[in-house]
Amino acid sequence: MRKRVRTERGGCSTWSVTVKKFEEICLIVIDDIKSGRKKVGDKIPSIRAMAEKHKVSKNTVITAYNKLLEQHWIKALPKSGFYVGEDLSNTPMLNATPFYTGIDLLEQQMVNQSHHKPGAGRYPKEYMDKLNLERYLGPASDRFGSESAEVAHFDRGNGDPAGNVLLRGLLVDILSKRAMTVESQNVLLTYGTNHSLDLIIRHFLTSGDPVIVESPGYYPLFSKLELHQVAINTIKRTKLGIDANHLEALIIKSQPKILFLQPFAQNPMGTDLTSQNMAEIQALCTQYNVIIVENDPFLLARDDAASYFFNQTCPVIYVSSFSKTVSASIRCGFVVASKSVIKSLTRLKMITVINTSSIMENILNHLITSGALTNHLQALKHLSAEKSATAITQLNKIDGLTLYPHNPSGNFLWFRIPMDDKKAVEAAKSHNIFIAPGSLFFPSDPTYFALRVNKFYIDKTTVKFIKTAIFNHH
């Protein structure tokens, strides 16, 4: 491999700059594609094979392949390897990305594999190796083969700006089984749904920009929008969904940039939108060029398609998370969007948090590749169905209480009550019961009193309190 070569010019020592090792690997692969030796869909050498053939480290090949993945020359398929991606035979050999701004410098520090790094901002990697952090993650799974294990090498530095490469590939695989076809360049890893929403708001909205939110809806979203001084317009979410005529009138009147929506197992109501209702919403947003931000926190707990909306003709940003269905302490979510939007959100992510945790992302890699996540989700779905049936049976026995129809894959049940919900919450405290008042889920003054309850915590004490203290039955 070529290196920097010392030469003599007029008695003075100088250095002639040549191509870096990882760039040479890139050029070798690209030359095979441009020459026709490799065509779209052809497999390219594994990381180990390429490293051995050209006498470079596996990390050098990983850096090269990540660069080729980013520029779509190749694609990674979980359980299989690397393949020629799009037909780029008429494009330049390599898109160089010199940095001129602070965020460009930050990105270079995260992905740079130079041997000499006086511009770096962290301790050298070898000083961190002595901690041997891998041992805290358990044994690596070999279900994806040694090649995938190499791609998922434990990164003690900043890691890939968009998040762990293997985990994004695994998410592509998960989404493909849910009728959503994307590539890893369409996926950005975040610290969860709230982080995802914050990035989207920061990127698309400025003070005074109009948006539409569901009412009742996801209350942490309202706080974020208020923080950024966004103009909030509300559309009623009823047990039947969203009235398309009212939505069109509101779009025409407010000219919103974004519609924030939770189609499945909505928080707080637990309801789903019908296919017909979603088709009406999609048609309107396409006609009036409104971006749909689709929040799907219970994706992994349900078996249907990931998204009704996500396709090439409807501008959609899809948001989901592992936090609801794996663990609240696993702060890992993801955004799926067009490659241009993901690239912009990635840069914003670097500005705000540098990067997400490679430790958490590697834990999820182990959970997925070992089969532990699949087993957990199967048990969770079975338990969720049982809890739904039990909670519905118990609450339906209370005269005057009418439950909204809910998706059993979600957590929440919603019902109106005949008294001020905040007073009901205060009364519950005296019985050591925590209940969420429905009024907090309305972005403006509530139109009725209601309670949101989590079906997993419905017990005899709670049912007795609702019956006697709220509906006044003794």
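Position numbers for residues count from 1 along each chain, tracking the sequence in the order it is written. Only residues with pLDDT of 70 or above have their local features reported here, since the model is predicted, and side-chain atom pairs are shown and tallied only from 80 upward, although totals for entire chains, interfaces and linings are computed over all residues. Side-chain numbers here rest on the full set of heavy atoms in the structure, without hydrogens or water.

- In the nomenclature of an unreviewed UniProt entry, the protein corresponds to PLP-dependent aminotransferase family protein from the organism Psychrobacter pocilloporae.
- UniProt positions are given in the numbering used here, feature names are shortened, and annotations may be inferred rather than shown by experiment. Turning to the protein, the UniProt record has this under Sequence similarities (unreviewed entry): "In the C-terminal section; belongs to the class-I pyridoxal-phosphate-dependent aminotransferase family."

### Thoughts on the layout of surface pockets
Here's step 1: Its volume calculated, the second largest pocket comes out at about 1000 Å³.
Here's step 2: Here the term cavity refers to a set of points on a 1 Å grid, laid over the protein atoms alone, in which a 1.4 Å probe fits but cannot get out; the term pocket refers to an open set having protein on both sides within 12 Å along at least five of seven lines, with lining residues being those that place an atom within 4 Å of a point. If you go around the second largest pocket, you meet 42 residues; those closest to its centre are Asn-411, Phe-412, Arg-452, Asn-454 and Tyr-457.
Here's step 3: A helix here means a DSSP run of H or I that spans at least four residues, while a strand means a run of E at least two residues long, and both kinds are numbered starting from the N terminus. Of all the secondary structure elements, the ones that give two or more residues to the lining of the second largest pocket are α8 (193–204), α9 (219–227), α14 (372–395), β13 (436–437), β14 (450–454) and α16 (460–470).
Here's step 4: Residue composition of the lining of the second largest pocket, grouped by class: 21 nonpolar, 17 polar and four charged. Grid points are joined across faces, edges and corners, and a volume is the space filled by probe spheres set on the points. Each residue gets one label: Ala, Val, Leu, Ile, Met, Phe, Trp, Tyr, Cys and Pro are nonpolar, Asp, Glu, Lys and Arg are charged, and the others, such as Gly, are polar.

### Comments concerning unusual backbone geometry
Here's step 1: With an omega of 0°, the peptide bond between Ser-215 and Pro-216 qualifies as cis.
Here's step 2: Within the secondary structure, Pro-216 is located in the loop between β6 (210–215) and α9.
Here's step 3: The step from Asn-267 to Pro-268 runs through a cis peptide bond, and the omega angle for that step is 25°.
Here's step 4: Along the chain, Pro-268 turns up in the loop between β8 (258–261) and α11 (275–287).

### Quick look at the sheet that holds β6
Here's step 1: Only strands joined by at least two bridges in the DSSP assignment are considered to pair. Taken in spatial order, the seven strands line up as β5-β11-β10-β9-β8-β6-β7 in an open sheet, and their pairing is mixed. If you trace the sheet from one side to the other, it starts and ends with β5 (187–190) and β7 (231–236), each paired once. This sheet shows a mean twist of 20° between the axes of neighbouring strands, independent of strand direction.
Here's step 2: Looking at chain direction, strand β9 (residues 291–295) and strand β10 (residues 316–321) are connected through four bridges and run parallel. By the bridge assignment for β10, Ile-292 is matched with Val-316.
Here's step 3: Along the sheet, helix α12 (residues 339–353) makes contact with β5, β10 and β11 (333–336), crossing β5 at roughly 25°. To define axes, lines are fitted to C-alpha atoms, for helices over the stretch in contact only, and angles between the resulting N-to-C directions are given on a 0 to 180 degree scale. The criterion used for residue contact is that any of the two residues' heavy atoms lie within 4.5 Å.

### With respect to empty space enclosed by the protein
Here's step 1: Under the defined criterion, the tally for this structure stands at one cavity of 30 Å³ or more.
Here's step 2: Lining the largest cavity are 14 residues; nearest its centre among them are Glu-214, Tyr-218, Leu-221, Phe-260 and Leu-261.
Here's step 3: For the lining of the largest cavity, the residue count by class is eight nonpolar, five polar and one charged.

### Points about the packing of α8 against α9
Here's step 1: Where α8 meets α9, the axes come as close as 10 Å, and the angle between the chain directions of the two elements is 30°. When the axis of α8 is compared with that of α9, the two are roughly parallel. The two elements α8 and α9 cross, and the hand of that crossing is right-handed. Along the contact surface, α8 presents Asn-194, Leu-197, Asp-198 and Ile-201, while α9 presents Pro-220, Leu-221, Lys-224 and Leu-225.
Here's step 2: Here the residues of the contact of α8 with α9 are counted per class, giving five nonpolar, one polar and two charged. Each angle receives one of four descriptions, namely roughly parallel if under 35 degrees, roughly antiparallel if over 145, roughly perpendicular if within 65 to 115, and oblique otherwise. Left-handed describes a crossing whose near helix is turned anticlockwise from the far helix by less than a right angle; the clockwise case is right-handed.

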